[in-house]
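Breakdown of the fold
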4 protein chains.
Amino acid sequence: MLNIGLLGCGRIGQVHAGSLQRIDTARIAAVADAFPEAASALSARTGAAAVSADEIISSPDIDAVVIGTPTDTHFDLIDKSAKAGKAIFCEKPVDMSADRIRELITIVEAAGVPFLTGFNRRFDPGFASMKARIAAGEIGDVELVTILSRDPSPPPVSYVKSSGGLFRDMMIHDFDMARFLLGEEIVRVYATGSALVDPAIGEAGDVDTAVAVLATASGRICQISNSRRATYGYDQRAEVHGSLGLIKANNVPENNVEIASGAGFRSAPAQHFFLERYAGAYLAEMKHFIDCLTAGTSPSPGIRDGLAAQLIADAAAKSLETGVPVDLE
Amino acid sequence: MLNIGLLGCGRIGQVHAGSLQRIDTARIAAVADAFPEAASALSARTGAAAVSADEIISSPDIDAVVIGTPTDTHFDLIDKSAKAGKAIFCEKPVDMSADRIRELITIVEAAGVPFLTGFNRRFDPGFASMKARIAAGEIGDVELVTILSRDPSPPPVSYVKSSGGLFRDMMIHDFDMARFLLGEEIVRVYATGSALVDPAIGEAGDVDTAVAVLATASGRICQISNSRRATYGYDQRAEVHGSLGLIKANNVPENNVEIASGAGFRSAPAQHFFLERYAGAYLAEMKHFIDCLTAGTSPSPGIRDGLAAQLIADAAAKSLETGVPVDLE
Amino acid sequence: MLNIGLLGCGRIGQVHAGSLQRIDTARIAAVADAFPEAASALSARTGAAAVSADEIISSPDIDAVVIGTPTDTHFDLIDKSAKAGKAIFCEKPVDMSADRIRELITIVEAAGVPFLTGFNRRFDPGFASMKARIAAGEIGDVELVTILSRDPSPPPVSYVKSSGGLFRDMMIHDFDMARFLLGEEIVRVYATGSALVDPAIGEAGDVDTAVAVLATASGRICQISNSRRATYGYDQRAEVHGSLGLIKANNVPENNVEIASGAGFRSAPAQHFFLERYAGAYLAEMKHFIDCLTAGTSPSPGIRDGLAAQLIADAAAKSLETGVPVDLE
Amino acid sequence: MLNIGLLGCGRIGQVHAGSLQRIDTARIAAVADAFPEAASALSARTGAAAVSADEIISSPDIDAVVIGTPTDTHFDLIDKSAKAGKAIFCEKPVDMSADRIRELITIVEAAGVPFLTGFNRRFDPGFASMKARIAAGEIGDVELVTILSRDPSPPPVSYVKSSGGLFRDMMIHDFDMARFLLGEEIVRVYATGSALVDPAIGEAGDVDTAVAVLATASGRICQISNSRRATYGYDQRAEVHGSLGLIKANNVPENNVEIASGAGFRSAPAQHFFLERYAGAYLAEMKHFIDCLTAGTSPSPGIRDGLAAQLIADAAAKSLETGVPVDLE
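Everything numeric here is computed off the predicted structure, so don't read it as measured data. (Residues numbered from 1 in each chain as written. Chains lettered and ligands numbered in written order. Predicted model: local features only at pLDDT ≥ 70, side-chain atom pairs only at ≥ 80, totals over all residues. Heavy atoms only, no water.)

Some thoughts on the domain arrangement of chain A
When the parts of a complex come together, some accessible area is lost, and that lost area is often used as the size of the interface. Residue and element names in this part refer to chain A. Split by domain assignment, chain A resolves into domain 1 (2-113) and domain 2 (122-281 + 309-327). Each of domain 1 and domain 2 was reduced to a C-alpha centroid, and the two centroids are 28 Å apart. On the side of domain 2, eleven residues touch domain 1, which itself brings nine residues to the contact. The largest contributions to the domain 1 side of the interface with domain 2 come from Arg11, Lys92 and Met96, which together make up 59% of the buried area. Between the two partners, domain 1 and domain 2, sit zero salt bridges. For the interface between domain 1 and domain 2, the tally reads two residue pairs in polar contact (both at pLDDT 80 or more). Breaking the side of domain 1 that touches domain 2 down by element, the ones donating at least two residues are helix H1 (11-21) and helix H5 (98-111). When residues of the side of domain 1 that touches domain 2 are assigned to their parent elements, the largest contribution, three residues, is made by H5. Residues that form the side of domain 1 that touches domain 2 fall into these classes: five nonpolar, no polar and four charged. (Domains from an automatic or database assignment. Contact = heavy atoms within 4.5 Å. Buried area = accessible area lost by both parts, 1.4 Å probe. Salt bridge = Lys/Arg side-chain N within 4 Å of Asp/Glu carboxyl O. Polar contact = N/O pair within 3.5 Å; in protein donor to acceptor, adjacent residues only side chain to side chain. Helix = DSSP H or I, 4+ residues; strand = E, 2+ residues; numbered from the N terminus. Nonpolar A, V, L, I, M, F, W, Y, C, P; charged D, E, K, R; others polar.)

See below:
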């Protein structure tokens, strides 16, 4: 039975707590949050002790930490946890700065602690099955990847301003998915975008409608498109065109009811947003983390995957700014 | 090049004329209709001579007749055509009376002329492909057949009164489809129904909503349901459950466009009615007839299939009346 | 916080335990099972006390019992629990004998305790949404209901022998669904069936492939078909044809991945069996039970719904035996 | 009744002949081909006279010409036909050189003759319905367009060498579709590609897997991807994301049959190639041409649409070559 310390008791921390409660081989030993009420509330629901982050990290009884705090606190918590020998599950992005992620890689690898970067979509039953079937050769060689990703509605402009921009905040998930599905590193990025959903996002210096084209050394290509608004739910689709066929992961509807009338056949919208759509992914992700710790294997995606996606996001942001493609080393 | 005489220039006659114009190995040599204007109009469009039915049947230049006249004229036209040695394509139903169909079987078989009963649905690309795959063993042994069939809107009550009733007028197509898909003769029929769509249909002694359960000697079962009204187009579906799997023929939508909004995903209604839905079936049916004549093989479904469906319809009507299942000899 | 006593710690008892753990307003206070190991195991996983059924029923601390024991124990447990003033959630069937269910109705109604019959499918998100939309008038008047229900594989013949037969063991769910969707009582039942899946089932006096036709006083019709085997997963579909349109609840696939090759487009099988397909339904069902107890309202479906479905199953069994339709009082 | 002269009796000429035979208001008066046997064969099937192209163009009885000859003959035939006052339907591309198309625009507009450029996909029932619904405001403002287009198999390398390259030969259809769906002119093009399907295509200096990103002045974005090979049929999809919703035109399957087994649900491949997929589009396109001539209105897309698509293709080819986006004037 592994003892887990939960750092951050906000929305995503609560999701991870719910997952841990459904896993027999781990238990939430302690929870911490900068807002004591948040920690108390989660303590009450889970029976875990509400303590400080430092107490969790320094406790000899804690095997692993799950970090779901604001991004700007990640560096410090990872640094301390790694040095304390804790296994680490950290929400994406690991950090907004690629240089600082590089520093953390040095620290984490020196400490030799297991590290999972929270790219939850890799654990979605659809995307995971798609990846497994590509790996099994079902579509032959991967040639073209298409990823469509749209949020139900744009975040407040205040959030946008501190988000690092659409490429680092939203499309970063798709950059990780592109690497996951292409099976080869990205060498060139072209990106463009507009503020079509909310002019205030444009005034804040960001875009809300954007596309990217990624290419690998062997000539595989990935197209990504994002919009900050979709009236029909959280649109999360990917398809991979290969030499032997095509594989697609479609949206997950709210239910499987269909109604017909003179206006045609109507089925349910896509599940509303990430908490619904990726409920299964969050659970599978946590199970993977716990199973790796139990078995002594390395969780994946690791911290280097966190860096790789960040570097693509940086390149996309630069491409948008300069208007030309950007090469990755 | 086969010379075809078209008997009946109404709606279905025009469909058959259009099919014949697209077949290189046959030509419409002559057309006839009780209404001279109907024959003239089709003559103008096809270049075929407008003559009398008797002239067509007695002409030594005519190889085959296509009968699309009212049902009560079928007996006489088949009788004369068979005796004149013409190949015969006759619209369903061959006749409203099973006894008279038996008489015609004697005449047609004595004459040794090819005979095709116009159960057009067997030639629909979906149903034909389903049948071929069942025959190829793709779903193993056939166990349960489900047929759903709904017209877009009820016919006028005047039509209903002379139609022979829903089982002989509408469900007869499904009885033929049941035989086609079950691959075994029906031995027992239970049917029930109500007038839910239009009370005037009930007052006229008929039903507009009905179901039938058919069973074969080996215990295979078929369920059929009909409604005289479907707001979403012409509903024509069948599925067959077998020992190795299930095969379904879905509806054909008006187009393949899908639109998404907060209300969900909306796709097109089913094609409106039989002229649209079975356009391909009518062409394939005529090609089959012409190809059989050219090759000297027997068209199928033949006149005995016309009788078999009529006997099931008679049994269903009797079951509705008596409230109990009816055995077929 | 309601204290729940769980009677029966087998497969279904464990499902209900899992649901209760996810509901904040109730807790599992005690568990009981005829096999002490089963109770101990569930006690270990939930922290609830493992005691005897009688201790649960007589404990003043227990607010409600959840009965998931073998059917032949239901009568006694319901009788005692009702007399002890406990709210009752009992798995279907309430009892194999309609007469004994009538006795229980008298007892339960005299005791005035809330009673939920475990027809879990009513709580499936698809079927529940379908029902709500019918009730909201979206398809107008209900006319024709079609229910297709197929298990992935037949039970052992030993189970079949004591199951009460397909109509009471399997199709009873569909009879309840028919009542739920028709919104009107059934007055006549015709049923037929065969042993096509496994001859041993036929030798045991039962069928494994069966259909039923149900009719209401106003002429609404429902067709049900069952098979004990479906190679493509647990097939659970229903559709309702109404005066304004059609509503369907489709199967739930294992995932939403689609793969294309020269053989066409392939998507996932239906979810394997009831534990997967109805996971959401079991949770929603328990939430409904707990919410009703909290709010002081009556759970539904109640014990009279359990009787109604049993009477239809009895009538179907009699129809199969006699070959003719059976009227319900 | 309009008299049409058909220039070119190859595959596409035969398609247009078939369409004209189904249109009551026009007739094929004469056919011409550089290969006399081709003209004779089509003459035999249609009853039209087999003559020379010059005879058709100079005949006072001919109202319109349909040009389906090799691209390098278009200039001359359009030039002569326009000067002879004939209405013109010319297959795409009008010419491989944008400058020569500009010359033809001057000639055609000076002559004042109706001109239809054969971008057949605009007339596909799916794409046409999608465009109409966008124009009707059903999805609000257009923001993001995604076009996926894949041929079933690559052309011979000999063809590739003289094709003008993938962007001018294949993606040109998608460039026209992009303009059609975006409703705004393209101002910038980024394109990239690889030879992944057939290395010989790469050796011939072309690509077989390619993407393009198009942007309009107002910031609307279109992503296109092409592959010269799809194992599952002719993949022709487009979707438009707007402020109020999403609209998609899906592939058209070979039939609507679905088969289920332990491997899941399998449906038919997409229709094989353009002759099947766009059979309806070719007919609707010709009807549009004839209807415009009859009504005295201008056919659309016109010759300027032919130029616009060519300019985007030229820009895409240049972008592929230079590695950077290319601006259109």
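Observations regarding the relation of the copies chain D and chain A
Its rotation angle being 180°, the transformation that places chain D on chain A also includes 0.0 Å of axial translation and leaves an RMSD of 0.0 Å. What we have between these two chains is a two-fold relation. Considering only C-alpha atoms, the residue of chain D closest to the rotation axis is D:Val324, which sits at 2.9 Å. Here 100% of the interface residues in chain D have copies in chain A that are interface residues too; the copies meet face to matching face. (Least-squares fit on C-alpha atoms with pLDDT ≥ 70 in both.)

Considering the sheet that holds strand E6 (residues 115-118) of chain C
Residue and element names in this part refer to chain C. Judged by pairing direction, the sheet is parallel, and its six strands sit side by side in the order E3-E2-E1-E4-E5-E6 without closing on themselves. At either end of the open sheet lies a strand with only one pairing partner, and these are strand E3 (49-50) and E6. Two strands pair when backbone bridges link them, and strand E5 (residues 87-91) and E6 are joined in this way by four bridges, in the parallel orientation. Counted as the bridge partner of Phe89 is Leu116 from E6. This element, helix H4 (residues 71-83), spans strand E1 (2-7), strand E4 (64-67), E5 and E6 of the sheet and lies at about 170° to E5. (Pairing = 2+ DSSP bridges. Axes fitted to C-alpha atoms, helices over the stretch in contact; angles between N-to-C directions.)

Here we look at the nonpolar core
Residue and element names in this part refer to chain A. If you look at the biggest cluster of nonpolar residues, it comprises 70 residues, and the most contacted ones within it are Phe167, Phe175, Leu214 and Phe289. For this core, the two domains that each supply at least three residues are domain 1 (2-113) and domain 2 (122-281 + 309-327). Apart from the residues lying within four places of it in its own chain, the contact partners of Phe289 are Ala64, Val65, Val66, Ala87, Ile88, Phe89, Leu116 and Pro299. (Core = buried A, V, L, I, M, F, W, Y, C linked by side-chain atoms within 4.5 Å. Buried < 20%, exposed > 50% of the residue type's maximum accessible area, 1.4 Å probe, protein only.)

Brief notes about the packing of H1(A) against helix H2 (residues 36-46) of chain A
All names here are of chain A. Two elements in contact, H1 and H2, have axes whose closest approach is 11 Å; the angle formed by their N-to-C orientations is 15°. As far as their axial angle goes, H2 and H1 are roughly parallel. When you trace H1 past H2, the crossing you get is right-handed. Together, Gly13, Gln14, Ala17 and Gln21 of H1 and Leu42, Arg45 and Thr46 of H2 make up the contact between the two elements. When grouped by side-chain class, the residues that make up the contact of H1 with H2 number two nonpolar, four polar and one charged. (Parallel < 35°, antiparallel > 145°, perpendicular 65-115°, else oblique. Left-handed = near helix turned anticlockwise from the far one by under 90°.)

Brief notes about the pattern of salt bridges
Scanning the entire structure with this criterion turns up 92 salt bridges over all chains. Its salt-bridge partner being B:Arg121, residue B:Asp174 comes within 3.2 Å of it at the nearest N-O pair. Of this pair, B:Asp174 sits in helix H9 (residues 171-182) while B:Arg121 sits in the loop between strand E6 (115-118) and helix H6 (125-135), and the two are 53 residues apart along the sequence. The same class applies to B:Asp174 and to B:Arg121, which are both buried. Between C:Glu109 and C:Arg304 there is a salt bridge, with the nearest N and O atoms lying 2.8 Å from each other. Pair noted here: C:Glu109 is in helix H5 (residues 98-111) and C:Arg304 is in helix H13 (residues 303-322), with a separation of 195 residues, a long-range link.

Quick notes on the interface of chain C and chain A
With 25 residues of chain C in contact, the opposing surface of chain A contributes 25 residues. Summing both sides of the interface, chain C and chain A together bury roughly 2,000 Å²; the carbon and sulfur share of this comes to 46%. It is C:Asn256, C:Val257 and C:Ile259 in chain C that bury the most area against chain A; as a group they hold 28% of the surface buried on that side. The interface formed by chain C and chain A includes two salt bridges. Salt-bridge contacts for A:Glu258 lead to C:Lys248; the nearest nitrogen and oxygen are separated by 4.0 Å. Applying the counting rule to chain C against chain A returns ten residue pairs in polar contact (both at pLDDT 80 or more). Those elements that provide at least two residues to the side of chain C that touches chain A are helix H6 (125-135), strand E12 (246-249) and strand E13 (257-261) of chain C.

Some words on the relation of the copies chain C and chain A
It takes a turn of 180° to lay chain C on chain A, together with a shift of 0.0 Å along the axis; the resulting RMSD is 0.0 Å. Counting the interface residues of chain C, we find that 100% of their copies in chain A are interface residues as well, pointing to one common contact surface.

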